[in-house]
Amino acid sequence: MATNKTPKGLDGLFHDTLKDIYFAEKKILATLPKMAMAAHSPDLKAAFEKHHTETQEHVARLEEVFEVIGKKPAAKTCAAIMGITEEGAEIMEEYKDSPALDAGLLAAAQAVEHYEISRYGTMRTWASELGLTEAVQLLDLTLAEEKKTDVALTKLAESAVNVAAEAAE
Ligand SMILES: [Fe+2]
Ligand SMILES: [Fe+2]
């Protein structure tokens, strides 16, 4: 049956996706310390710890974006991040005594970063289309940190971590 409800527009989609990434960032905040604890390489441990601190800032920035659109911060379960972190948890369990553990952790972490880069890229474009200049700035700051993290993880993957996994074969 047809209703009189106006269909949600881009502003509704922006708000819904904001709740989704807010959920994801909180999940990542809880997951990174576990990954840092599990990692064998001190460099990888340090990279996870650094990004944990940045992620606290990502959560705070999203709260500011909620404020920009006049909404209370609220999280909506993000099935994508649940799946990605679930895979990471499996790697931590199945490879905990393996020299390939760090390579697996890196792969899991990069899947998280790519997810975030995709979401923040979309969100900043929508914010721009909606004329939310302040939100664009906040989302851009986080997007830049996600990209930097991805590059740092790639460097680690290409250097010590994967080499160590291969040497131990
Ligand atoms: Fe983030
Ligand atoms: Fe991230």
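Provided above is the structure to which this section pertains.
Cut-offs and rules
The numbers attached to residues start from 1 for each chain and follow its sequence in the written order. For naming, the first written chain is A and the first written ligand is 1, with later ones following in the order written. At least 70 in pLDDT is required for a residue's local features to be given in this predicted model, at least 80 for side-chain atom pairs to be given and counted, and no such filter applies to totals for whole chains, interfaces and linings, which use all residues. Side-chain numbers here rest on the full set of heavy atoms in the structure, without hydrogens or water. Coordination partners: N, O, S within 2.8 Å of the metal, 3.2 Å for Na, K and Ca; water not considered, so apparent gaps in a site are possible. Type-normalised accessible area, obtained with a 1.4 Å probe on protein chains alone, sets the label of each residue: buried when under 20%, exposed when over 50%, and partly exposed for intermediate values. Helix and strand assignments come from DSSP, with helices taken as H or I runs of at least 4 residues and strands as E runs of at least 2, each series counted from the N terminus. Residue contacts are defined here by distance: any two heavy atoms, one from each residue, within 4.5 Å place the two residues in contact. What we call a nonpolar core is a set of buried Ala, Val, Leu, Ile, Met, Phe, Trp, Tyr and Cys residues that are connected through their side-chain atoms within 4.5 Å. Here an angle of 0 to 180 degrees is reported between the N-to-C directions of two axes, which are lines fitted to C-alpha atoms, with helices fitted over the stretch in contact. In these notes the angle categories are as follows: under 35 degrees is roughly parallel, over 145 is roughly antiparallel, 65 to 115 is roughly perpendicular, and the rest is oblique. For any helix crossing, the convention is left-handed if the near helix is rotated counterclockwise from the far helix by under a right angle, and right-handed if that rotation is clockwise.

**Some details on the coordination of the iron ion (ligand 1)**
In the first shell of the iron ion (ligand 1), the protein supplies Glu25 (OE), Glu25 (OE), His58 (ND1), Glu116 (OE) and Glu146 (OE), at 2.1 to 2.5 Å from the metal. Given the relative accessible area of 0%, glutamate 146 is considered buried.

**Digging into the side chain of glutamate 54**
Locating glutamate 54 in the fold gives a position in helix α2 (residues 42-68). Given the relative accessible area of 17%, glutamate 54 is considered buried. Filtering out sequence-adjacent residues up to four positions away, glutamate 54 remains in contact with Glu145 and Thr149.

**Overview of the coordination of the iron ion (ligand 2)**
Ideal geometry at a metal centre: 109.5 degrees between donors when four sit tetrahedrally, and 90 or 180 degrees when six sit octahedrally. Protein ligation of the iron ion (ligand 2) involves His51 (NE2), Glu113 (OE), Glu113 (OE), Glu116 (OE) and Glu146 (OE), the donor distances falling in the range 1.9 to 2.5 Å. Every donor residue of the iron ion (ligand 2) comes from the same chain, spaced as H-x61-E-x2-E-x29-E. The distance between the iron ion (ligand 2) and the iron ion (ligand 1) is 3.4 Å, with glutamate 116 acting as a donor to both metals. Placement of glutamate 116 in helix α4 (residues 101-129) and of glutamate 146 in helix α5 (residues 133-167) is noted, with a sequence separation of 30 residues between them. Of the two residues examined, glutamate 116 and glutamate 146, each falls in the buried class.

**Focus on the nonpolar core**
Within the largest apolar cluster, 42 residues are counted, with the highest numbers of intra-cluster contacts made by Phe14, Leu18, Leu44, Phe48, Ile81, Leu105 and Leu139. Of all the secondary structure elements, the ones that give two or more residues to this core are α1 (10-38), α2, α3 (79-94), α4 and α5. Sorting elements by how many residues they give to this core places α4 first, with 12 residues. If sequence neighbours within four positions are ignored, leucine 139 has contacts with Phe14, Leu62, Val65, Tyr120, Met123, Arg124 and Ala127.

**Some details on the packing of α1 against α2**
It is at 9 Å that the axes of α1 and α2 come closest, and there the two elements cross at 155 degrees. In terms of orientation, α1 and α2 fall into the roughly antiparallel class. When you trace α1 past α2, the crossing you get is left-handed.

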